[in-house]
Every structure is written in structure tokens, then in C-alpha cells.
Amino acid sequence: MARPSPSMRRRQLREAAIQAVITLVALTGIAAVVLIFVFVAREALPIFTSPEVREETDLARMFLPQAWRAGRPAFFSWQPVSEIPKYSMVPLFVGTLKVTAVAMLVSVPVGVAAALFTSEFAPRRLREVLKPTIELLAGIPSVVLGFFALIVLASVLQDAFGFTSRLNAVVAGVALALTVVPVIFTVSEDALTAVPRSYREASLALGATRWETAFKVVLPAAAPGVLAAVVLGFGRSIGETMIVLMASGNAAMTTFSLGDSVRTLPATIAAEMGEVVFGGTHYAVLFFIGVELFLFTFVLNSLAAAFVKRLVRRMAGTA
Amino acid sequence: MKRTLIALVAAIAPALASAAVTVKGSDTMVILAQRWAEEYMKQNTGKRVQVTGGGSGVGIAALINGTTDIANASRAMKDAEKGKVRERYNILPTETAVAKDGVAIYVNAANPVQQLTIEQLAKIYAGDVTNWKDVGGSDAPIVLYSRENSSGTYVFFKENVLKGADYASSAQTLPGTAAVVNAVAKEKNGIGYGGAAYAKGVKEVKVVGADGQGYTPSAENVASGKYPLSRPLFMYTRGKPSGEAKAFIDYCLSPAGQKIVTQVGYFPVK
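Keep in mind that what you see is a predicted model, and the values were worked out from it rather than measured.

### Details of the pairing of strand S6 (residues 143-147) of chain B
All names here are of chain B. Most of S6 is tucked away, with five of its five residues classed as buried. Here two bridges tie S6 to strand S8 (residues 190-195), and the two strands are oriented parallel to one another. Note that in S8 the partner of valine 143 across the bridge is glycine 190. Summarising the sheet, S6 and strand S7 (residues 172-174) pair through three bridges and their orientation is parallel. Looking at S7, one finds that arginine 147 is bridged to leucine 174. Remark: the S6/helix H6 (residues 152-160)/S7 crossover connection has right-handed handedness.

### Examining the confidence of the model for chain B
Residues and elements named next belong to chain B. For chain B, per-residue confidence averages 86 on the pLDDT scale, and residues scoring 70 or more make up 93% of the total. Per-residue pLDDT stays below 50 along residues 8-17; that stretch engages in one contact with residues further than four places along the chain or on separate chains. Interface confidence for the predicted complex, given as ipTM, is 0.76, next to a pTM of 0.75.

### With respect to the nonpolar core
By size, the foremost hydrophobic cluster in this structure holds 62 residues, and its most contacted members are Leu32, Trp36 and Phe248 of chain B. Val81 of chain A together with Val103, Phe157 and Tyr215 of chain B belong to the second largest nonpolar core, which has 36 residues in total.

### Remarks on the environment of glutamine 213 of chain B
Residues and elements named next belong to chain B. Looking at where glutamine 213 falls in the secondary structure, it is placed in the loop between strand S9 (203-208) and strand S10 (214-215). Look at glutamine 213 and you get partly exposed, because its relative accessible area is 46%. Ignoring anything within four residues of it in the chain, the contact list for glutamine 213 reads Val207 and Val208.

### Here we look at the packing of helix H5 (residues 90-121) of chain A against helix H13 (residues 265-272) of chain A
Residue and element names in this part refer to chain A. Packing of H5 against H13 leaves a shortest axis separation of 8 Å and a crossing angle of 120°. By the angle between their axes, H5 is oblique relative to H13. For the pair H5 and H13, the contacting residues are Leu92, Phe93 and Thr96 in the first and Leu265, Pro266 and Thr268 in the second. Residue classes in the contact of H5 with H13 are distributed as four nonpolar, two polar and no charged.

### Quick look at unusual backbone geometry
Here the phi dihedral of asparagine 250 of chain A falls at roughly 55°; this positive angle occurs in a residue that is not glycine. Secondary-structure assignment places asparagine 250 of chain A in the loop between helix H12 (242-247) and H13. Residue asparagine 250 of chain A is classed as buried on the basis of its relative accessible area of 2%. Even without glycine at this site, lysine 163 of chain B takes up a positive phi of about 50°. The exposure class of lysine 163 of chain B is exposed, given its relative accessible area of 60%.

### Section: the pattern of salt bridges
Tallied over the entire structure, the rule returns 20 salt bridges over all chains. Lysine 131 of chain A is paired through a salt bridge with aspartate 190 of chain A; the nearest N and O atoms lie 3.1 Å apart. Placement of lysine 131 of chain A in helix H6 (residues 124-137) and of aspartate 190 of chain A in helix H8 (residues 169-193) is noted, with a sequence separation of 59 residues between them. The closest approach of N and O atoms between lysine 246 of chain B and aspartate 250 of chain B, which form a salt bridge, is 3.0 Å. Here aspartate 250 of chain B and lysine 246 of chain B lie together in helix H9 (residues 243-253), a separation of four residues that amounts to about one turn. Aspartate 250 of chain B sits in the partly exposed class, given a relative accessible area of 39%. Bridged by salt links that share partners, the residues Arg127, Lys131, Glu135, Glu189 and Asp190 of chain A form one connected network.

Rules of the game
- Residues numbered from 1 in each chain as written.
- Chains lettered and ligands numbered in written order.
- Predicted model: local features only at pLDDT ≥ 70, side-chain atom pairs only at ≥ 80, totals over all residues.
- Heavy atoms only, no water.
- Buried < 20%, exposed > 50% of the residue type's maximum accessible area, 1.4 Å probe, protein only.
- Helix = DSSP H or I, 4+ residues; strand = E, 2+ residues; numbered from the N terminus.
- Pairing = 2+ DSSP bridges.
- Right-handed = clockwise from strand over helix to strand, strands pointing away.
- pLDDT = per-residue confidence, 0-100.
- Contact = heavy atoms within 4.5 Å.
- Core = buried A, V, L, I, M, F, W, Y, C linked by side-chain atoms within 4.5 Å.
- Axes fitted to C-alpha atoms, helices over the stretch in contact; angles between N-to-C directions.
- Parallel < 35°, antiparallel > 145°, perpendicular 65-115°, else oblique.
- Nonpolar A, V, L, I, M, F, W, Y, C, P; charged D, E, K, R; others polar.
- Salt bridge = Lys/Arg side-chain N within 4 Å of Asp/Glu carboxyl O.

This is the structure we're talking about:
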């Protein structure tokens, strides 16, 4: 065996160097995520460690109803600027879930149906116009959408449904749907287009109509991708700040009526972070909200990834 | 390349040479402070004053953190906040009242209610009275508008109307007085509060004073103290104002500065 020539060795070295750089770049991304989480979590830590902070709030007071007013039943209250600051997370969670639920109820059917139409029924010319147009919606800054919701949408929806409160979960949710639809549309359209042609041809050859082919063959075959789209849209809507800050009214109420004004977790951070005393209880609680949001999307993404994996395996016929 | 760099430096240098006085805080005072800054800079070429809003709490936090020279505040600094300044800089903040403001109560132009007492306002904002008919209006639910809790107006209203009690959880918190005015203008059953200077397109309700009479937040009523919801507007500095900051505050208190106060819709202190 001859030893590798110098030019060969140089090439190998170069390969190794390039590989190292690419690995480093990839690791930087992961490191950034970890470092952000560590920083946010560290700022929230006083809730568990500092006696001063724990005097004002702890997990029990954040999540269980408290008897704040004498003679009234215990309730949830978010009143961080008060003689006795009250940091109940429950109204914020309820608010976030209400807005997200409305956004998903609107955007999942619209986004998936639009994707199905575009990939299965639209003539090629229309498709070439439709796709970039819907994707353009994702390019509208959320502050502009929020402003639109605040001025126009809120009045239209109040006239249509007779809401007592002009700004409410429905207004914020519908405005939010405008940002979620393009996400769901783009990702599921890609998934639907990726379904092999042979599936469609086989279905049509067996006598199925185009609708039957689209709904019973192509859509199920693309299900993992569509699900991934929905999860992505969910993550987008739960973390969206500007639209809800402007269009939801920001009242921290614990009710299940969609016509009530709501305060969400991200909007609370955005509205209150500017004013808090550095290192105080309120400051730590806001960072704790950040940790919650982070964990929330992390768990959701992991669950969805696991589910998609199972779905793919089942469809491949190996499970 | 080099030439553009030199040109850039030349353009920036004068700006750096006269360090700007930074003024930060109360959203209520931001229009006023900006007008002051404009006129001040017009009269004193080369001087620079930079005004930003964000809320009294934001301004005071910036004063504590050392990122602003003057903090605008529509409420007095709390002892805890003063303590923080002393802790860090070994000096107490100085308070200068620069103008007076009346906190107006806004309702929709179509609302028949003419005047409210402080007790009625307290009950409305605590969520104990939820229908307009209980305070002399038509049979309709009251929709509450409030400010974000970083706002000095929020704190002022909480202390002077609610006497420290919490706002009802149904009170919607909006960013800025303009947003409150806009919301009440659009909401038939809405009620909101904010600086008297902002009330465009809404009705200002009379507030019943100590003598049992209803008063609007007009110049005479605020100056005479008959309007019950008036407050001083402050500028805070770390220690006695000095140098550029002192020059600016002196200008605000001068007759020319106090004239601007009236023009913007607030009330002079001198």
C-alpha cells in the first residue's frame, strides 16, 4: 500500500476543516437556544430561591385561586402593581388559550382548504398567482395587522355579533389567523404537492372522482406534513405579541366567553417589561412567563414530532 | 471609502460634541416635553434635548439605571424608588413640578351621564357598579378602559379614585391615552380616563368636587383646585439639576416655557 500523496492529504485536511466549520455553525445555533433558555430561567429563579420574592408570590399563589377581597369567594387576579401585588397566571393562560383557539379554528380549515385547492384543483396559471399572494400575507408586519384589527375589524365584528366589549378574544383571534393562515397554507401545500403522482393516478383509475381522490387519498397521504403545518401555526399564534397587545383589550379576566377581553402571556411581557424594577418580584415573574412559553412550545413541538413519526411509520406499513 | 468615512465622522462629531440631555418617562408629558425641547433647541443652537415616552415608571427606572438625565413623571416617586437612587448614586433625586394636569374622565359623546362623584367612579372601576343606569345613565353595561400599569395616570387614578384598591379585572388596559380616547370615541358604553389635553371626540364628564358641585377639568378649575382630579407633573433629576439639564428645566419654568404648557392643554405652575 502506497502512502497517500501530499495532494490527497491536503484534500483530506481541507475536508476535515470544512466539516469542523459546518459543525461549529450548527452547534452555535443550538448553543444560542440553550443560552437563551438558561438566561431567561436564571432571571426567573428568584421565584424559587429568594425569600423576598417568595414572600410576594409562589407557585401556589400563581396557579390557585386566592381570597383577595374580604367577603368575596377566592378568585384569580393579575394585578402586579398594587399594595399587595397579585400574580395569578390563570387569567393569562385562559386568555392565551382563548385567542389561540379562535385563531386555530379560523386558520386551520382556511389554510388546509386553500392548500388543497391550490395543489389539487387550481389550474396551473391560477396556482402561480395564488401561492405567492397568500404567502405575501405572511410578510405584512404584525403591527400593521394589529392596527387594522384595532380600527376596522373590531368595529365590523362588534356590529356583526353584538359584543359588549369592542376588543375581545374573537377580534384578536381573527387578526391572528391572518398571520397563521400563510404558515399553514405554505407548509401543507408543500406536503400535498409532494404526494407521489402515482397515488392520484391509481385512485382515479379505480374510478374515484377528483374530490374523492383529494380528500380520501392525497390529504391522508400528506397528513404528517399537514399536521406539522398546524403545529407550526399553533406555535406562531401562541407567541404572537403585537397583534394581541393591540386588539385584545388586555383585561386579565378568567372567563370562558370569547366575547370578553383577554390578556395573553406574551402581551403581558411586552406591556409590562419596560416598567419593572430590575431584579424585583414583578421582573422575575415576567421572566417566569417567558420560561412557561418556552416550555409550552417545546413540549408541543416534541409531542407533534413524535406523533408525526408514528404517523409516517404507520403509513409506510412498518408498524 | 476613506473619504466617506471621514465625511461620516465629520457629520456625527458635532452631535457628539454637545452631549444631548435625555428626557424620558410619562406618556402624559411626552407631547409637552417635546414642544419644550423643540423651542429650547430653536433658541439655543447646538444644544440637544432628546425626549422619549414609555410611562412614568419607565422614566423613573431609567433614572435609577442611569440611562436618562431627566425623568418625567406624572406621579411622585415612591420612597422605594428614591432609596434605589440613593443606594446607587449616594444622592437623593430632586423633584421639580413643571406643570399641572387634570385627569379627565371620558365617556362616549352619546352618553347622557353628565357628572360623577369620586365614589361612583371608584365603584365603577372596582367593578362593583357595572351598569350605567346605576349612576344615572341608560340601561347598558359599562365597558371599562384603563391604562397599562406602567402608566403614571394608572397609579394616580388608583390612588386618588380607587384609594389603593385594585381595578376590576374586566378593565381593558390600553397603551397610551390616545388609545383610550380612541376606544371610548368608538365604544358607546365605554368610560376611560387620561390627560385633559387629549379629549378629542369624546365627552369629558364633570367630576363632583369637595363642595358638592360638578366641575370640568378646565384651566380655572384645575388652577383653583376645585376640580378634584388634578395633579402636578414632575421632572426628576439625580441630585440638584446641574449643567445642561438645569438649563433645560429652567427654560421649562420660564414664562416662555409655561406658555407652551397652556398651548399644549395643561396648566402652568407659575
